[in-house]
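So the chains spell out like this:
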Amino acid sequence: MSRLIVISNRVAVPAGARTPGGLAVGLYDALRDSGGTWLGWNGEIGEGPGDMPLSSVTRDNITYATFPLAQRDYDRFYRGFSNTVLWPAFHYRPDLLRYRRADYDGYLEVNRDFARRLAPVLRPDDVIWVHDYHLLPLGQYCRDLGVRNRIGFFLHIPFPAAPVFETIPPHRDLARAMCAYDVAGFQTHADAQAFSDYCATNLGAVAAPEGLRVNERVLRVDTYPIGIDVDEVAAMARKKGSRQLVALKSELARRKLIISVDRLDYSKGLLERFAAFEHLLEIEPDHGRDVSFVQLAPSSRADVQGYREIRRELDRAAGRINGKWGELGWAPLRYINRQYNRATLMPLLGASQVGLVTPLRDGMNLVAKEYVASQPQDDPGVLVLSRFAGAAHDMQDGALIVNPYDIEGMAHALNMALRMPLAERQERHQRLMRILRERDLAAWKNRFLGDLRAGG
Ligand code: GDG
């Protein structure tokens, strides 16, 4: 089998006996099967200007080739264009977009640098898989250096409708560069369609039997919904004895738990969710006292503008809710910014009666899938899921689908979830588990790589 090269902005080199979780597992399996290299940033900021040194370690047939970013590149490429232009625009928040020409130049330079590091180590039959919005033009830079290998791209976040994509000043150059890939994969049909529509209107792309024809090239545009390793999550969730859970035990015996887990991000709809929980307490004051809401929100990108504000607003909202509704023996909302390891997280999901996943926009949302996989079959909880998460396309058949802009509607769905009879919960859970197994992490990886390799 041809060698696989995975390229993503961040590379997490497995440390000691610790195994990676989530998405990293799927990529790790793919790399181990065919042998290969994972190239990207090591998360550190290097000293001084100039080329940053590449370091390589090989474990289990996989070479991790990583390098630091110079401060200037971190500011322009990562903090700047990636996270203050692409992330907000792709999540339908052009109001938060801050475009600076210098940031875009930095973004292009870092992408060129990735290509420059990659090209010399390639063998002719290597297959290259590029991940996410930090690296949209990487394929084009590889082609400019004469790389003829098959190159695929997967976008983990949504691709916005054309009028929103067009708020990014260099939108046309970005989309044109994306057409240098052989396969462009998206989480949902709506994302793939938005990209194809933009290319048809702005780049003169036409539909061909094998994909989208743009000038001389044909690009396969398709949908590859990312999944999880269902058995891994279920097994982790069953392991009891985590110290954190023991601390919650008496609470769990008396109250139902609503759980939410998100990186602290404005796209995740946390403020609206807090408001919905408060509305539930207003309309059901007695029933409300039987419930506790745990929101885990490990902080992320704290140095990117827009994140400080959302954090301040959430602190204020959480304090107000507990101040107004709390009692000596009961804090209705536990809002926690710490990171927990997966061995704690999965049993906590498993012990919660409602999984509340209500982003304003999300490429997929793996927590929604992890929540379902963590549930005990004999007494499963209920997933309340935003229609704007990519996961809603897969899971509408068993989850309670809500509009996160409808606070009363979300409170109503929470109430329904908390009161849902066992038989209905079991039936919904079975339907969801079937889908999770059908579209799991291995299926995602195998389908994408199958399509990428097939055209070679
Ligand atoms: C992007 C897209 C798409 C969360 N807190 C902790 C922790 N987590 C884990 C969860 C889950 C993962 O992180 C988060 O994944 P999501 O899918 O929810 O969200 P993003 O990070 O925004 O990911 C998203 C995804 O890419 C994959 O394509 O679904 O739409 O935005 O696995 O369990 N893990 C640990 N400690 C925590 O405190 N260990």
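Residues numbered from 1 in each chain as written. Predicted model: local features only at pLDDT ≥ 70, side-chain atom pairs only at ≥ 80, totals over all residues. Heavy atoms only, no water.

Participant: Sorry if this is basic, but what is going on with the site of the ligand here?
Facilitator: Neighbouring residues of the ligand: 21 residues in total, closest H156, Y340, D362, L366 and E370. Within the side chain of K268, an N or O atom sits 3.3 Å from an oxygen atom of the ligand. Within the contact set of the ligand, an oxygen atom lies 2.8 Å away from a backbone nitrogen or oxygen of M364. Residue assignment for the shell around the ligand shows that the elements contributing at least two residues are α13 (342-350) and α14 (366-374). Split into classes, the residues belonging to the shell around the ligand amount to ten nonpolar, six polar and five charged. Counting the residues that make up the shell around the ligand, at least three belong to each of domain 1 (4-227 + 441-454) and domain 2 (230-438). (Near = heavy atom within 4 Å. Polar contact = N/O pair within 3.5 Å; in protein donor to acceptor, adjacent residues only side chain to side chain. Helix = DSSP H or I, 4+ residues; strand = E, 2+ residues; numbered from the N terminus. Nonpolar A, V, L, I, M, F, W, Y, C, P; charged D, E, K, R; others polar. Domains from an automatic or database assignment.)

Participant: So what exactly am I meant to see when it comes to the domain arrangement of the protein here?
Facilitator: Quoted interface sizes are often the accessible area lost when the parts come together. According to the domain assignment, the protein contains domain 1 (4-227 + 441-454) and domain 2 (230-438). Taking the mean C-alpha position of each, domain 1 and domain 2 sit 30 Å from one another. Taken residue by residue, the interface counts 25 residues in domain 1 and 20 residues in domain 2. For the pair domain 1 and domain 2, the summed buried area comes to about 1800 Å², and 60% of that belongs to carbon and sulfur atoms. On the surface where domain 1 and domain 2 come into contact, there are zero salt bridges. Our count for the contact surface shared by domain 1 and domain 2 stands at three residue pairs in polar contact (both at pLDDT 80 or more). A total of seven residues in the side of domain 1 that touches domain 2 trace back to one element, the largest contributor, which is helix α2 (residues 71-90). (Contact = heavy atoms within 4.5 Å. Buried area = accessible area lost by both parts, 1.4 Å probe. Salt bridge = Lys/Arg side-chain N within 4 Å of Asp/Glu carboxyl O.)

Participant: Where do I start with the sheet that holds strand β2 (residues 36-46) in this structure?
Facilitator: As a general point, the strands of a sheet are linked pairwise by backbone hydrogen bonds and lie either parallel or antiparallel. Here ten strands make up an open sheet; going across it, the order is β3-β4-β2-β1-β5-β6-β7-β10-β9-β8 and the pairing mixed. Looking at strand neighbours, the two that pair on one side only are β3 (55-59) and β8 (206-208), the edges of this open sheet. When strand polarity is set aside, the average angle formed by the axes of neighbouring strands in this sheet is 25°. Relative to strand β4 (residues 62-70), β3 runs antiparallel, the two sharing five bridges. Considered in β4, the bridge of S55 is made with T66. Sheet strands touched by helix α7 (residues 189-203): β7 (183-186), β9 (211-214) and β10 (217-223). Its angle to β10, the strand with the most contacts, is close to 150°. (Pairing = 2+ DSSP bridges. Axes fitted to C-alpha atoms, helices over the stretch in contact; angles between N-to-C directions.)

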